Amino acid sequence: MSRIAYVNGRYLPHANAAVHIEDRGYQFADGVYEVCEVRDGRLIDEAGHLGRLRRSLGELKIRQPIADSALRVVLRETVRRNRVRDGIVYLQVTRGVAKRDHFFPPESVKPALVVTARPADRAKNEVGALAGIKVITVPENRWPRVDIKTIGLLPNVLVKQQAREAGAKEAWYVGADGHVTEGGSTNAWIVTQEGIIRTRPATGGILSGITRATVLRMARDLQMRFDETPFTVDEAKGAREAFNTAATAIVTPVIAIDGAPVGDGKPGPVALELRRRFHEFAEASDG
Ligand code: PDD
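In this text, all values refer to a predicted model and were calculated from it rather than measured experimentally.

Procedures and definitions
Residues numbered from 1 in each chain as written. Predicted model: local features only at pLDDT ≥ 70, side-chain atom pairs only at ≥ 80, totals over all residues. Heavy atoms only, no water. Near = heavy atom within 4 Å. Polar contact = N/O pair within 3.5 Å; in protein donor to acceptor, adjacent residues only side chain to side chain. Areas by Shrake-Rupley, 256 points an atom, 1.4 Å probe, with all protein chains shown as cover. Helix = DSSP H or I, 4+ residues; strand = E, 2+ residues; numbered from the N terminus. Nonpolar A, V, L, I, M, F, W, Y, C, P; charged D, E, K, R; others polar. Domains from an automatic or database assignment. Contact = heavy atoms within 4.5 Å. Salt bridge = Lys/Arg side-chain N within 4 Å of Asp/Glu carboxyl O. Pairing = 2+ DSSP bridges. Expected span 1.5 Å × (residues − 1). Bend = angle between axes of the 7 residues up to and from the residue. Buried < 20%, exposed > 50% of the residue type's maximum accessible area, 1.4 Å probe, protein only. Phe/Tyr/Trp six-rings, centres within 6.5 Å; stacked < 30°, edge-to-face > 60°. Lys NZ or Arg CZ within 6 Å of the ring centre and 35° of its normal. Axes fitted to C-alpha atoms, helices over the stretch in contact; angles between N-to-C directions. Parallel < 35°, antiparallel > 145°, perpendicular 65-115°, else oblique. Left-handed = near helix turned anticlockwise from the far one by under 90°. Patch = residues over 30% accessible without salt bridge, like charges linked within 9 Å, V, L, I, M, F, W, Y side chains within 5 Å. Arc of directions from axis to C-beta.

A.B. asks: Would you explain the site of the ligand in this entry?
C.D. replies: Inspection of the region around the ligand gives 21 residues, with Tyr33, Glu182, Ile210, Thr211 and Ala247 positioned closest. Between Tyr33 and the ligand, the recorded distance is 2.6 Å, taken from a side-chain N or O atom to an oxygen atom. Interatomic distance of 3.3 Å between a backbone N/O atom of Ser185 and a nitrogen atom of the ligand. Considering the ligand on its own, with 470 Å² of exposed area, one finds that the protein chains cover 91% of that surface. When contributions to the shell around the ligand are tallied by element, the ones reaching two or more residues are β3 (31–39), α2 (46–60), β9 (180–183), α6 (210–221) and β13 (241–246). Considering only residue class, the shell around the ligand consists of six nonpolar, 11 polar and four charged. Residue-level mapping places the shell around the ligand at the junction of two domains, with at least three residues from each of domain 1 (4–120) and domain 2 (125–281).

A.B. asks: How should I be thinking about the environment of Ile257 in this particular structure?
C.D. replies: Relative to the helices and strands, Ile257 resides in strand β14 (residues 250–257). Between the C-alpha atoms of Ile257 and Ala17, which are 240 residues apart in sequence, the distance is 40 Å. Contact partners of Ile257, with chain neighbours within four places excluded, come to Val135, Thr137, Trp172, Val233, Ala236, Lys237 and Val262.

A.B. asks: How do you make sense of the pattern of salt bridges when you look at a structure like this?
C.D. replies: Two side chains carrying opposite charge are able to pair once their charged atoms lie near each other. Under the criterion given, the structure shown has 26 salt bridges. Because the salt bridges share partners, they merge into one network encompassing Asp40, Arg85, Asp86 and Arg122.

A.B. asks: Which parts of the structure should I look at to understand the pairing of strand β2 (residues 10–13)?
C.D. replies: On any regular strand, side chains alternate: one points to one face of the sheet, the next to the other face. Taken together, the four bridges between strand β1 (residues 4–7) and β2 define a ladder with antiparallel strand orientation. Bridge assignment links Val7 to a residue of β2, and that residue is Arg10. Here β1 folds back onto β2, and the loop between the two strands holds two residues, one of which, Asn8, carries a positive phi near 45 degrees.

A.B. asks: Is there a simple way to explain helix α8 (residues 269–281) in this structure?
C.D. replies: Since there are 3.6 residues in each turn of an α-helix, residues three or four apart along the chain are aligned in direction. Between its terminal C-alpha atoms α8 stretches 18 Å, which fits the 18 Å expected from 13 residues at 1.5 Å a residue. Along α8, the sharpest change in direction is near 35 degrees and occurs at Arg275. The set of residues buried in α8 consists of Val270, Ala271, Leu274, Arg275, Phe278 and Phe281.

A.B. asks: Looking at this structure, I do not really get the packing of aromatic side chains. What am I missing?
C.D. replies: Working definition: an aromatic ring pair is given by the centre-to-centre distance plus the angle between the planes. Evaluated as defined, the whole model comprises four aromatic pairs. Ring geometry for Tyr6 versus Tyr11: centroids 5.2 Å apart, planes at 65 degrees, classification edge-to-face. A relative accessible area of 7% means that Tyr6 is categorised as buried. Classification of Tyr11 by relative accessible area gives partly exposed; the value is 24%. A ring pair is formed by Trp189 and Phe243, whose centres lie 5.1 Å apart and whose planes are at 15 degrees; its orientation type is stacked. Placement of the pair is Trp189 in strand β10 (residues 187–191) and Phe243 in strand β13, with a sequence separation of 54 residues. Just as Trp189 is buried, Phe243 falls in that class too. Taking NZ or CZ as reference, Arg81 lies 4.1 Å from the ring centre of Tyr11, over its face.

A.B. asks: Mind showing me how you'd approach the packing of α2 against helix α3 (residues 68–81) here?
C.D. replies: Helix-helix packing: each pair is described by the crossing angle between the helix axes and the interaxial distance. Direction vectors running N to C along α2 and α3 enclose 125 degrees, while the axes themselves pass 12 Å from each other. Judged by the angle between their axes, α2 and α3 are oblique. Handedness of the crossing formed by α2 with α3: right-handed. Listed contacts from α3 to Glu46, Ala47, Leu50, Leu53 and Arg54 of α2 are Asp68, Leu71, Arg72, Leu75 and Arg76. Among the residues making up the contact of α2 with α3, the classes are represented as five nonpolar, no polar and five charged.

A.B. asks: Could you clarify how one ought to interpret a nonpolar patch on the surface in this entry?
C.D. replies: A surface patch of nonpolar side chains, about 310 Å² in accessible area, is lined by Leu154, Val157 and Leu158. Mapped onto the elements of the fold, Leu158 is located in helix α5 (residues 154–165).

A.B. asks: Looking at this model, I keep getting lost on the environment of Asp45. Mind explaining?
C.D. replies: Secondary-structure assignment places Asp45 in the loop between β4 (42–44) and α2. Along the backbone, Asp45 and Thr211 are 166 residues apart, and their C-alpha atoms lie at a distance of 7.9 Å. The residues contacting Asp45, other than those within four sequence positions of it, are Ile210, Thr214, Arg217, Phe278, Ala282 and Glu283.

A.B. asks: What is the right way to look at α5 in this model?
C.D. replies: Taking 1.5 Å of rise per residue, the 12 residues of α5 would be expected to cover 16 Å, and the 17 Å separating its terminal C-alpha atoms lies within 8% of that figure. Residues Asn156, Val159 and Ala163 constitute the buried set of α5. Take α5 and look down its axis: the buried residues cluster within an arc of 75 degrees, on one side only. Away from the buried face of α5 by more than 90 degrees, exposed residues Leu154, Leu158, Arg164 and Glu165 are located. Where α5 ends, the next residue or the one after it, Gly167, has phi of about 80 degrees, a positive value.

Purely geometric stuff here, so don't read any function into it on its own.
Shown next as C-alpha cells:
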C-alpha cells in the first residue's frame, strides 16, 4: 500500500510529496513539530500534543496554519489514509516559504503544515522495551529554549548517533551543575532506593513531555511516591531503577548508564508497571 503525506492542504503520495527549497524549515530549522502515538487506531494524548504545539508556535511567533478542529481532522485522515493502527503521526509547522533572509517574512507568507503517519511493529517494540535499553551520558550543549519543540534537532541527532555507536539507545544530557536534564528524544527518570519516582521539574532545561505529564498523573492516581527534583548521574547509577518516557517510547526501562548496570541490570518493576498501565491513564481519541 502506498503511503500518503499531507502537505499544505493536499494529500499526496509520500514518495513525491515535497516542500519548496526555500521553506524556512529547510533553511533555518524555523519550525516546530509534534509526534503523537497511534494505538489501536486512536490518537494518544492528542489534546496535550496540540496544546504544546500551540505553545511552541506562540513562543516562535508562528501562526497556527489551521484551527485545532481542522488539524484534528487532518491528523485522523492521514492516519486513516495510511491505514496506521499502531504507530505514530508526525506533524510539522514551519514559518513558510520565502526568500532566504533571517528576518521574519511578510505577513502574507503562510506557515507550512506537513503531516505524515507511519506504522510501528507494536509486538517488536514491546519486546525491545521490555528488555530495557542502555544510555550514555553527554554534556548538555543545546540552546536554553529546549522547552520549545523545534525541528532544530542537530545536537539531538549527534548524541543519538553517538549513543548508537556506543551500543546504547539513548543519550542523557547532563547540565553544567551535574544534573541530568533529559534524553536526546525522551524525558529521563529514576526510582530511588527509597522507591521514590523522580524526574526533574519541567520548569526549564527540558521539553515538557506529554508522556511525562501522563506518567506523573498516573503515579499520583496510583498513590506511588514521586518527586519532581533533578538527579545527578551518580544518583541515577545508584538508583533502583531508571526509565525514559516519550510518545515513541511510552515508558522504557533503562538497564545501564555509561556501561554501569542500574539496580540488578534488569528492567525494574515500577517502570514495567508504569508501561503496562500507561494507556489506562492516557487519553485516547478515535483516529
Ligand atoms: N521526542 N525530550 C525530548 C528532547 C524529546 O524530543 C521528546 C519527544 C521528549 C518526550 O516528549 P513526549 O512525551 O511529549 O513525546 C522529551 C519525539 C517523540 C521525537 O522527537 O521523535
